[in-house]
Amino acid sequence: MERICDVTDESLKALVEESKNAGPDTGVCPVEASLKIATEALKNSCGKGVMCRDGLRQVYLILADIVNGRGKADDYELLDEILGVIVECADCDLSYTAAFTIQNLMHENQSDFEEHIKRKSCKNLICVGCHTVHINAALCKGSGECIKACPAGAIKGGEGLFSVIDQAKCTKCNICIDKCPNGAIKGAGFIKPQGPTEPGPVGSFGAAAGGRRRRRGG
Ligand code: SF4
Ligand code: SF4
């Protein structure tokens, strides 16, 4: 096939390489990796090819919705169809490489994509709209490290109190998870832990209660 341009991009190649490690529990989410590839390809598109300009834009918009927890029931099939057309008719190496890689990621990780779309759940606990972050009040010793570290000011607490995360303010950046010296902060996918919504005295929330889990929205 004759290409109308031969834009190559080192950062796209690096993302394609990184995506080879993607999987449901590998620390590299295939859906997020796909969005990064679509974003990078669009950023470097010269805009001359319709597949690159319009096709990849559609792919980007659908992936962005999925990552942000707004995936719709037929998104997997729609994405697969659009990517198939781009792979078949690509005018340039940039759009071909991006579409081919994303379609491969989808086919190799179909159940993970569907988990994001249907249950708004990211197994790697990375995608912003497909996971939440919680403090186990039974494990929290009130050190306040997480409160200092949170860039969104989303954690409430105080001296002698266990901390809680205000889910409306949390941006799911995951920074606080590594800051807790007691391992009290964890991400959650479809199944959410049940816990207090306001700080309380350290030790007043039982381990059994802290460990209860409920379904999303339950
Ligand atoms: S995940 Fe980020 S925004 Fe949310 S509470 Fe933790 S540090 Fe704050
Ligand atoms: S959740 Fe961890 S870091 Fe935050 S106050 Fe409790 S013990 Fe400290």
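Basis of the calculations
- Residues numbered from 1 in each chain as written.
- Chains lettered and ligands numbered in written order.
- Predicted model: local features only at pLDDT ≥ 70, side-chain atom pairs only at ≥ 80, totals over all residues.
- Heavy atoms only, no water.
- Helix = DSSP H or I, 4+ residues; strand = E, 2+ residues; numbered from the N terminus.
- Buried < 20%, exposed > 50% of the residue type's maximum accessible area, 1.4 Å probe, protein only.
- Contact = heavy atoms within 4.5 Å.
- Areas by Shrake-Rupley, 256 points an atom, 1.4 Å probe, with all protein chains shown as cover.
- Lys, Arg positive; Asp, Glu negative; His and termini not counted.
- Charge placed at Lys NZ, Arg CZ, Asp CG, Glu CD.
- Salt bridge = Lys/Arg side-chain N within 4 Å of Asp/Glu carboxyl O.
- Near = heavy atom within 4 Å.
- Nonpolar A, V, L, I, M, F, W, Y, C, P; charged D, E, K, R; others polar.
- Polar contact = N/O pair within 3.5 Å; in protein donor to acceptor, adjacent residues only side chain to side chain.
- Domains from an automatic or database assignment.
- Axes fitted to C-alpha atoms, helices over the stretch in contact; angles between N-to-C directions.
- Left-handed = near helix turned anticlockwise from the far one by under 90°.
- Expected span 1.5 Å × (residues − 1).
- Parallel < 35°, antiparallel > 145°, perpendicular 65-115°, else oblique.

1. Quick look at the overall build of the chain
Broken down by element type, the chain carries nine helices and eight strands. Expressed as a percentage of the 218 residues in the chain, the buried residues total 44%. In the chain, the share of contacts with a sequence separation of at least 24, taken over all contacts with a separation of at least 6, comes to 67%. Total accessible area on the chain is roughly 10900 Å²; 51% of this is exposed by carbon and sulfur atoms. Charge-centre separation for the chain: the mean point of 27 positive side chains lies 10 Å from the mean point of 28 negative side chains.

2. Some details on the pattern of salt bridges
Oppositely charged side chains are able to pair whenever their charged atoms sit close together. Taken as a whole and assessed by the stated rule, the structure comprises ten salt bridges. In this structure, Lys-43 engages Glu-40 in a salt bridge whose closest nitrogen and oxygen atoms are separated by 3.2 Å. A residue pair is termed a helical-turn pair when its members lie 3 or 4 positions apart in one helix, as Lys-43 and Glu-40 do in helix α2 (residues 30-44) at three residues. Given the relative accessible area of 60%, Lys-43 is considered exposed. A salt bridge links Lys-156 to Glu-198, with the nearest nitrogen and oxygen atoms 2.9 Å apart. Linking Lys-156 in strand β2 (residues 155-156) with Glu-198 in the loop between β6 (191-193) and β7 (200-201), this pair joins segments that are 42 residues apart in sequence. Overall, the relative accessible area of 46% leaves Glu-198 in the partly exposed class. One salt-bridge network, held together by shared partners, links Asp-65, Arg-70 and Lys-72.

3. Notes on the site of ligand 2
Around ligand 2 there are 13 residues in total, and Cys-140, Ser-143, Gly-144, Cys-146 and Cys-180 lie nearest to it. Among the residues making up the shell around ligand 2, the classes are represented as six nonpolar, five polar and two charged.

4. A closer look at the site of ligand 1
Close to ligand 1 lie Val-133, Cys-150, Pro-151, Ala-152, Ile-155, Ile-165, Cys-170, Thr-171, Lys-172, Cys-173, Asn-174 and Cys-176, which account for all nearby residues. Residue classes in the shell around ligand 1 are distributed as nine nonpolar, two polar and one charged.

5. Notes on the side chain of Ser-121
Looking at where Ser-121 falls in the secondary structure, it is placed in the loop between α6 (110-119) and β1 (132-135). Ser-121 sits in the buried class, given a relative accessible area of 4%. Only 3.1 Å separates the side chain of Ser-121 from the backbone nitrogen of Phe-190, close enough to count as a polar contact.

6. With respect to the domain arrangement of the chain
Here the chain is described as being made up of domain 1 (10-119) and domain 2 (131-215). Taking only C-alpha atoms, the centre of domain 1 and the centre of domain 2 are 33 Å apart.

7. Considerations on the packing of helix α4 (residues 75-89) against helix α5 (residues 93-108)
Axes are the key here: two packed helices are described by the angle between their axes and the distance separating the axes. For the pair α4 and α5, the least separation of the axes is 9 Å and the interaxial angle reads 145°. The interaxial crossing formed by α4 with α5 has left-handed handedness. Contact with α4, carried on its side by Tyr-76, Leu-79, Asp-80, Leu-83, Gly-84, Ile-86 and Val-87, involves Ser-95, Tyr-96, Ala-99, Phe-100, Ile-102, Gln-103, Met-106 and His-107 of α5 and no other residues of that element. Looking at the contact of α4 with α5 residue by residue, the classes come out as ten nonpolar, four polar and one charged.

8. Side note on the environment of Glu-88
With respect to the secondary-structure elements, Glu-88 resides in helix α4. Among the residues examined, Glu-88 registers a relative accessible area of 58% and is labelled exposed. As for Glu-88 and Ala-99, which are separated by eleven residues in sequence, their C-alpha atoms are 9.7 Å apart.

9. Considering α2
The end-to-end C-alpha distance of α2 is 21 Å, a good match for the 21 Å that 15 residues give at a rise of 1.5 Å each. If you check which residues of α2 are buried, you get Pro-30, Val-31, Ala-33, Ser-34, Leu-35, Ile-37, Ala-38, Glu-40, Ala-41 and Leu-42. Buried-residue contacts for α2 involve α1 (10-18), α3 (50-67), α5 and α6.

10. Thoughts on the packing of α1 against α2
Contact geometry for α1 and α2: axes closest at 9 Å, N-to-C directions at 170°. Considered as vectors, α1 and α2 are oriented roughly antiparallel to each other. Mapping the contact onto sequence places Ser-11, Leu-12, Leu-15, Val-16 and Glu-18 in α1 and Lys-36, Ile-37, Glu-40 and Ala-41 in α2. Residues of the contact of α1 with α2, tallied by class, amount to five nonpolar, one polar and three charged.

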